[in-house]
Amino acid sequence: MAGGVMVSAGETGKNYPGKMTGAVLMACVIAAFGGLIFGYDIGISGEIHEKGWSYFYEAIFERFFPSVYRKESGLTSANQYCKFDSETLTLFTSSLYLLALIASFFAASVTRLFGRRVSMFFGGAVFLVGAIINGAAKNIAMLIIGRMLLGVGVGFANQSVPLYLSEMAPYKYRGALNIGFQLMITIGILAANILNFFTDKIKAGYGWRISLGGAAVPAIMITVGSFFVPDTPNSILERNNATKAKEMLRKIRGTNDVDEEFNDLVAATEASKLVEHPWKNIWMRKYRPQLVFSVLIPFFQQVTGINVIMFYAPVLFKTLGFGGNASLMSAVITGLVNVIATLVSIALVDRKGRRFLFLAGGIQMFIFQFAVGGLIGGKFGTSGVATISGGYAAGVVICICCYVAAFAWSWGPLGWLVPSEIYPLEIRSAAQSINVAVNMLFTFIIAQVFLKMLCVMKFGLFFFFGGFVFIMTVFVYFFLPETKGIPIEEMSRVWRSHWYWKRFVGEEEIELEKPVKFVA
Ligand code: BGC
């Protein structure tokens, strides 16, 4: 089957020696801390809305979002779908992603010219300042400025960390090591959820400061951590230090026998030197598959609708009739499912491959999204007025958990892994910025319009996202080649042997090299 073309490393003729060394593992764990700041932030955003029903509500919402406060106090409609429809509320959540989007373009140059590490450090440091301003906020302006700085931090970290991990990893373990980033995202989300659960109980009304200021902890971890990780051999070479690059490669691979891999890195670097303007070159026909995926993968990842659950889980559960505490607890449960299912992905990604996880996860997400929409629609109809029994609500939570698990072993990690491994060095930093920017743009859009969409589309919203999941699953089936087990600087082969993409990248080159075998 055309879409099922698979090439394995052995078949490409490359089989670099070298193992998973302690040095690589350490470096990857530290770098993956970059995911913590992003995750913590996602987790905090959701909870902020939940706090509207407790002390946090008194402290933040009454002060900064009086219109939501009044609305929730029962001054407006009993329609559950429209209860939390506030522009200010959503702007608070989404301002971060807009800044991350812009920052990712600057991060592209920093990552290319100064190395992946510098971007990680800068991202962490700016995020730290944002966390401090947020924790000390005296007005909505401080809240939003702080959040914007967090956005800049996230933009830099998300641009550099996935690249760092994919370049550092021995190709056989690239999937698992790269997913460390997503694992940290999920841990960050869960940590924020749990922290909020407790700060919510602080009656003196400063709990929200702990929650927002707490972002300083993951920020310090990545900022300090970035001093202890080496830069990747690819990046060192890109900055003209061949001896150091080779030394580094030997060190991280744990062997002196790195010539073949090193020569491939040199060839990739030479090719990259010919490209003076990555932003212009990326439009060239031969980079069409990478360009298409750098836009579609993050777009699809976001229109799975995952962040409706991540940002607004407590709002959603509250909408379903759970009490304040119970809804926060349910959000913690989905957070836990998210972490555990990510571990499954780590275990499978380099054995079963990316396509398997994308397809299996896509089908599972589709089923449970329709189940959630059906259950909510069955109870609330279009009027949005109903009370819901404990058993029924538990059924909805279970379906939501199955959906989250499916995302967590497919589009969650692969949405960061696949883009980071398919770009040739000469356009890697630029293309990764597109990936981050598109991801942030749609995260922003969904965060900004979700509450309005829920109010207008009601339970149909879940069918809407389910429809996208169907489209993306079919798309992956036909258009995404398997990238498992292919050395990163050898990746061009997968396009040349793909039934569709070969017309863009030039099939003829394949004859100049060792023929690639297809596996159906
Ligand atoms: C996505 C986020 C999402 C998170 C959930 C990440 O891969 O980029 O938007 O909130 O996964 O775990």
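Residues numbered from 1 in each chain as written. Predicted model: local features only at pLDDT ≥ 70, side-chain atom pairs only at ≥ 80, totals over all residues. Heavy atoms only, no water.

Looking at the overall build of the protein
Alright, step 1. Within the protein, the regular secondary structure consists of 25 helices and zero strands.
Alright, step 2. Considering only residue pairs separated by 6 or more positions, the protein has 82% of its internal contacts joining residues 24 or more positions apart.
Alright, step 3. Summed over its atoms, the accessible surface of the protein is roughly 18,300 Å², and 69% of this surface lies on carbon and sulfur atoms. (Helix = DSSP H or I, 4+ residues; strand = E, 2+ residues; numbered from the N terminus. Contact = heavy atoms within 4.5 Å. Areas by Shrake-Rupley, 256 points an atom, 1.4 Å probe, with all protein chains shown as cover.)

A word on the environment of Trp279
Alright, step 1. Within the secondary structure, Trp279 sits in helix 14 (residues 278-281).
Alright, step 2. Classification of Trp279 as partly exposed rests on a relative accessible area of 35%.
Alright, step 3. Excluding its chain neighbours within four sequence positions, the residues that come into contact with Trp279 are Phe105, Ala108, Ala430, Ser433 and Ile434. (Buried < 20%, exposed > 50% of the residue type's maximum accessible area, 1.4 Å probe, protein only.)

Some thoughts on a nonpolar patch on the surface
Alright, step 1. There is a patch of nonpolar side chains on the surface, built from Phe121, Phe122, Ile220, Val224, Phe227 and Phe228 and spanning about 610 Å² of accessible area.
Alright, step 2. When residues of the nonpolar patch are traced back to their parent elements, those giving at least two are helix 6 (116-135) and helix 10 (216-228).
Alright, step 3. Within the secondary structure, Ile220 sits in helix 10. (Patch = residues over 30% accessible without salt bridge, like charges linked within 9 Å, V, L, I, M, F, W, Y side chains within 5 Å. Salt bridge = Lys/Arg side-chain N within 4 Å of Asp/Glu carboxyl O.)

A few points about the site of the ligand
Alright, step 1. Around the ligand lies a shell of 14 residues, among which Gln182, Gln301, Gln302, Asn307 and Asn338 are the nearest.
Alright, step 2. Note that an oxygen atom of the ligand is positioned 2.7 Å from one of the side-chain N or O atoms of Gln182.
Alright, step 3. Asn307 places a polar side-chain atom, nitrogen or oxygen, 2.5 Å from an oxygen atom of the ligand.
Alright, step 4. When isolated, the ligand has an accessible area of 310 Å², and the protein chains bury 100% of it.
Alright, step 5. Where the shell around the ligand is concerned, the elements lending two or more residues are helix 2 (22-50), helix 8 (174-199), helix 15 (288-302), helix 16 (306-319) and helix 20 (411-422).
Alright, step 6. The leading source of residues in the shell around the ligand is helix 8, at three residues. (Near = heavy atom within 4 Å. Polar contact = N/O pair within 3.5 Å; in protein donor to acceptor, adjacent residues only side chain to side chain.)

Description of the pattern of salt bridges
Alright, step 1. Enumeration according to the criterion identifies 12 salt bridges in this entry.
Alright, step 2. Between Glu167 and Arg116 there is a salt bridge, with its nearest N and O atoms 2.8 Å apart. Here the residue Glu167 occupies a position in helix 7 (residues 140-168), and Arg116 occupies one in helix 6, the gap between them amounting to 51 residues.
Alright, step 3. Residue class for Glu167 comes out buried when judged on its relative accessible area of 3%.
Alright, step 4. Put simply, Arg116 and Glu238 hold a salt bridge, and the shortest N to O gap is 3.2 Å. Taken as a pair, Arg116 in helix 6 and Glu238 in helix 11 (residues 233-238) lie far apart in primary sequence, 122 residues in all.
Alright, step 5. A residue is classified by how much of its surface remains accessible, and Glu238, at 11% relative accessible area, is buried.
Alright, step 6. Put simply, Arg116, Glu167, Glu238, Arg428 and Glu489 are held in one network by salt bridges that share partners.

Observations regarding the side chain of Asp350
Alright, step 1. Looking at the secondary structure, you find Asp350 in the loop between helix 17 (324-348) and helix 18 (354-380).
Alright, step 2. Judged by its relative accessible area of 19%, Asp350 is buried.
Alright, step 3. A polar contact is formed between the side chain of Asp350 and the backbone nitrogen of Ala176, at a distance of 2.9 Å.
Alright, step 4. When neighbours within four sequence positions are excluded, Asp350 is seen to be in contact with Lys172, Tyr173, Arg174, Gly175, Ala176 and Lys484.

Overview of helix 7
Alright, step 1. Taking 1.5 Å of rise per residue, 29 residues should cover 42 Å, and helix 7 covers 41 Å from first to last C-alpha, within 8% of that figure.
Alright, step 2. With 23 of 29 residues buried, helix 7 is to be regarded as a mostly interior element. (Expected span 1.5 Å × (residues − 1).)

A closer look at the packing of aromatic side chains
Alright, step 1. One pass over the structure, following the stated rule, counts 31 aromatic pairs.
Alright, step 2. The ring of Phe356 carries Lys352 above its face, with NZ or CZ at 5.2 Å from the centroid.
Alright, step 3. Positioned above the aromatic ring of Tyr392, the side-chain terminus of Lys379 is 4.8 Å from the ring centre. (Phe/Tyr/Trp six-rings, centres within 6.5 Å; stacked < 30°, edge-to-face > 60°. Lys NZ or Arg CZ within 6 Å of the ring centre and 35° of its normal.)

Examining helix 13 (residues 259-273)
Alright, step 1. Here helix 13 is 15 residues long and its end C-alpha atoms lie 21 Å apart, about the 21 Å a rise of 1.5 Å per residue gives.
Alright, step 2. Glu261, Phe262, Asp264, Leu265, Ala268, Thr269 and Ser272 are the residues of helix 13 that are buried. End-on view of helix 13: buried residues confined to an arc of 160°, all on one side of the axis.
Alright, step 3. Among the structural elements, helix 11, helix 12 (242-253) and helix 21 (425-457) are those in contact with the buried residues of helix 13. (Arc of directions from axis to C-beta.)

A word on the environment of Ile30
Alright, step 1. Along the chain, Ile30 turns up in helix 2.
Alright, step 2. Along the backbone, Ile30 and Met221 are 191 residues apart, and their C-alpha atoms lie at a distance of 8.0 Å.
Alright, step 3. Beyond its immediate stretch of four places on either side in the chain, Ile30 contacts Ile222, Gly225, Ser226, Phe228 and Val229.

A closer look at the state of the cysteines
Alright, step 1. Per the counting criterion, the structure on display carries zero disulfides.
Alright, step 2. Cys399 supplies the cysteine sulfur nearest to Cys402, a cysteine that is in no disulfide, at a spacing of 6.2 Å. (Disulfide = S-S within 2.5 Å.)

Some remarks on the confidence of the model for the protein
In regions of low pLDDT, the predicted coordinates are not meant to be interpreted in detail.
Alright, step 1. Across the protein, the average pLDDT comes to 85, with 87% of residues at 70 or higher.
Alright, step 2. Low pLDDT (under 50) marks residues 1-11, which in the prediction has 42 contacts with non-local residues, meaning those over four places away or in another chain.
Alright, step 3. Predicted confidence is poor over residues 508-520, with pLDDT under 50, and the contacts of this stretch with residues over four places away or in other chains come to 25 contacts. (pLDDT = per-residue confidence, 0-100.)

Notes on unusual backbone geometry
Alright, step 1. Despite not being glycine, Asn240 shows a phi value in the positive range, around 70°.
Alright, step 2. By secondary structure assignment, the location of Asn240 is in the loop between helix 11 and helix 12.
Alright, step 3. With a relative accessible area of 58%, Asn240 lands in the exposed category.
Alright, step 4. Although it is not a glycine, Lys458 sits at a positive phi angle of roughly 55°.

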